[in-house]
Amino acid sequence: MSFWRVLLAILFPPLAVIDKGCGSVLITFLLTLCGWVPGVIAALIILNKQ
């Protein structure tokens, strides 16, 4: 995980996981709509997974 990817995950979570697949983007987008914090947590978890 690079610094820029983490920063992007904090500012706009769905954009940070755009290369991880459509499902990840959709889940992160829906969680971000429910609240900003769940979207950030989901994005960081998805980015941390290898």
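Below is a short write-up of the structure. (Residues numbered from 1 in each chain as written. Predicted model: local features only at pLDDT ≥ 70, side-chain atom pairs only at ≥ 80, totals over all residues. Heavy atoms only, no water.)

## Topic: the side chain of S24
Okay, step 1: Mapped onto the fold, S24 is located in helix α3 (residues 22-34).
Okay, step 2: Residue classification places S24 among the buried positions, given a relative accessible area of 17%.
Okay, step 3: Setting aside its immediate chain neighbours within four residues, S24 contacts V17 and I46. (Helix = DSSP H or I, 4+ residues; strand = E, 2+ residues; numbered from the N terminus. Buried < 20%, exposed > 50% of the residue type's maximum accessible area, 1.4 Å probe, protein only. Contact = heavy atoms within 4.5 Å.)

## What about the packing of α3 against helix α4 (residues 36-48)?
Okay, step 1: Taken N-terminus to C-terminus, the directions of α3 and α4 make an angle of 155°; their axes are 6 Å apart at the nearest point. With respect to α4, the element α3 is oriented roughly antiparallel. Counting all contacts with α3, which are made through S24, T28, L31 and T32, the residues of α4 involved are W36, P38, G39, A42, A43 and I46.
Okay, step 2: Class assignment of the residues belonging to the contact of α3 with α4 gives a composition of 6 nonpolar, 4 polar and no charged. (Axes fitted to C-alpha atoms, helices over the stretch in contact; angles between N-to-C directions. Parallel < 35°, antiparallel > 145°, perpendicular 65-115°, else oblique. Nonpolar A, V, L, I, M, F, W, Y, C, P; charged D, E, K, R; others polar.)

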